Amino acid sequence: MRDVVVTKADLLIEEEAPPVLLELCAHVSGYEITAARWARGEFGAYKSVIQFPGPELTEYTTTRFVRLKKEQAALLGRRQ
């Protein structure tokens, strides 16, 4: 998910990365730290230091998808 955000950021509607997407990237990076610890045999930590922004991410992606579909329909001359 983070790779999609990073490599496709040019497709975002917003001028700057929304906080929820930054939180998602931070969450994934936190798990990379956890995975590196596991690779060294340190199994004490099992979570990312940043909570996964589930509800916020769902809200963001849903509203943006609906918005884009409406814009697409308008550009194609379809009635809504």
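As shown above, the structure is provided for reference.
Please read all numbers here as calculations on a predicted model, not as lab measurements. (Residues numbered from 1 in each chain as written. Predicted model: local features only at pLDDT ≥ 70, side-chain atom pairs only at ≥ 80, totals over all residues. Heavy atoms only, no water.)

## A look at the pattern of salt bridges
- One pass over the structure, following the stated rule, counts five salt bridges.
- Where Arg2 meets Asp3, a salt bridge forms, and the shortest distance between an N and an O atom there is 3.8 Å.
- The shortest N-O distance in the salt bridge between Arg2 and Glu32 comes to 2.7 Å. Placement of Arg2 in helix H1 (residues 2–7) and of Glu32 in helix H2 (residues 19–39) is noted, with a sequence separation of 30 residues between them.
- Linked through salt bridges whose partners overlap, the residues forming this network are Arg2, Asp3 and Glu32. (Salt bridge = Lys/Arg side-chain N within 4 Å of Asp/Glu carboxyl O. Helix = DSSP H or I, 4+ residues; strand = E, 2+ residues; numbered from the N terminus.)

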